[in-house]
Amino acid sequence: MTEEKKRVLITGGAGFLGSHLCDRFLAEGYHVVAMDNLITGSLQNIEHLFGRPAFEFHQADVSKFVFVPGKIDYILHFASPASPIDYLKIPIQTLKVGSLGTHNLLGLALVKGARMLIASTSEVYGDPEVHPQVEEYFGNVNPVGPRGCYDEAKRFQEAITMAYHNHHGLETRIVRIFNTYGPRMRLNDGRVLPAFLSQALRGENLTVFGDGSQTRSFCYVDDLVEGIYRLLLSDYHLPVNIGNPSEITIKEFGEEIARLTGVEFKPTYQALPENDPLKRRPDITKAKEILGWEPKVDRAEGLRRTLEYFKEHVSEIMADEVDNKPRSF
Ligand code: UDP
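Residues numbered from 1 in each chain as written. Predicted model: local features only at pLDDT ≥ 70, side-chain atom pairs only at ≥ 80, totals over all residues. Heavy atoms only, no water.

Chemist: Just to check I follow, could you spell out helix H1 (residues 16-27) for this structure?
Modeler: For an α-helix, the turn length of 3.6 residues means that residues three or four places apart are oriented alike. Across its twelve residues, H1 extends 17 Å between first and last C-alpha, which sits within 8% of the 16 Å expected from 1.5 Å per residue. Among the twelve residues in H1, ten count as buried, and that is most of the element. Listing the buried residues of H1 in full gives Phe16, Leu17, Gly18, Ser19, His20, Leu21, Cys22, Arg24, Phe25 and Leu26. Backbone geometry just downstream of H1 places Gly29 in the positive-phi region, at approximately 95°. (Helix = DSSP H or I, 4+ residues; strand = E, 2+ residues; numbered from the N terminus. Expected span 1.5 Å × (residues − 1). Buried < 20%, exposed > 50% of the residue type's maximum accessible area, 1.4 Å probe, protein only.)

Following this line, the structure appears as structure tokens:
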């Protein structure tokens, strides 16, 4: 008799990270239940999986109610708008999916006896005063600023997840995800990489916010997925940073994208958005020690792979016909 497959529920399964997680868990032999309300996610990201017996998709909003028949061994909660322009457009949905959605899923995990991993974020550190960011740092978040809806939803998400762990003994995992990039990022999601690549391919100037001296540290999606997979299967329940510590200023990043796409770097400077963190870099000591994980794909290679994806969609980019999500709700 063959062993029954483990079943994993992935919320946000049609999103950028969620869809890559679906691929990975299917490749590892799991039965994958993907769930998404398709506000910022897209069926294009998972259309190659339809028809596979070990894959199912449910269109649902987890902030309202969530139920999945049958056993569930693992839940990965990745449903949330994640780009600043998205969560500025839909701040209340952002707060609800991080709070009510997480509560619903923790309840489901309890009923099913499942282990739950939540997608937290480097945004819990806000505009950090500790650099690089270690997991013990409490952060510097403005709750009433424009990013508060996302940052506080994620901070609440961590708090309620810890409460379920401590109060109910639920098996939980918390990953703090730093800036991640790769194929299937929404072409116009407003984040810096899709913005710069699309602008470069259209021959436009790159929109650099502020003076471009703020830093970020970009992790290729396959590395992130590997870290998440290891964390889920580990026995460590406190937050773990997963990200690539290679830090770069946004201006230098623009120069890299220009070189990669063979255009001259011509920036158009725009105002720095309110509360935009001035620097960000993960300390990944814990991930190294506990998970034996570190990133493998450097930026040159990761950007080449991402450019391939953007080139496949170049006609949409040229026509500026990219789906202008988030949709109505
Ligand atoms: N940024 C930029 N031009 C753009 C989009 C973003 O200079 O067209 C900057 C933004 O101000 C921030 C950094 O790039 O400092 C990363 O922004 P992103 O929205 O990708 O993610 P964040 O890390 O802020 O969540």
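Next comes the rest of the account.
Chemist: Just checking my understanding: could you explain the pattern of salt bridges for this structure?
Modeler: In this structure the tally under the stated criterion is 25 salt bridges. The residue Arg202 makes a salt bridge to Glu204 at a minimum N-O spacing of 3.0 Å. Between Lys251 and Glu255 there is a salt bridge, and its shortest N-O distance comes to 3.7 Å. Of this pair, Lys251 and Glu255 both sit in helix H7 (residues 250-261), four residues apart, roughly one helical turn. Here the residues in one salt-bridge network are Glu123, Arg147, Arg216, Asp276 and Arg280, joined through shared partners. (Salt bridge = Lys/Arg side-chain N within 4 Å of Asp/Glu carboxyl O.)

Chemist: What should I look at first to understand the packing of aromatic side chains in this one?
Modeler: Centre-to-centre distance and the angle between the planes together describe a pair of aromatic rings. Taken as a whole and assessed by the stated rule, the structure comprises 14 aromatic pairs. Ring centres of Tyr181 and Tyr220 lie 5.6 Å apart, and the angle between their planes is 70°; this geometry places the pair in the edge-to-face category. Placement of the pair is Tyr181 in strand S7 (residues 180-181) and Tyr220 in strand S10 (residues 219-220), with a sequence separation of 39 residues. The class of Tyr181 is buried, set by a relative accessible area of 1%. The class of Tyr220 is buried, set by a relative accessible area of 4%. (Phe/Tyr/Trp six-rings, centres within 6.5 Å; stacked < 30°, edge-to-face > 60°.)

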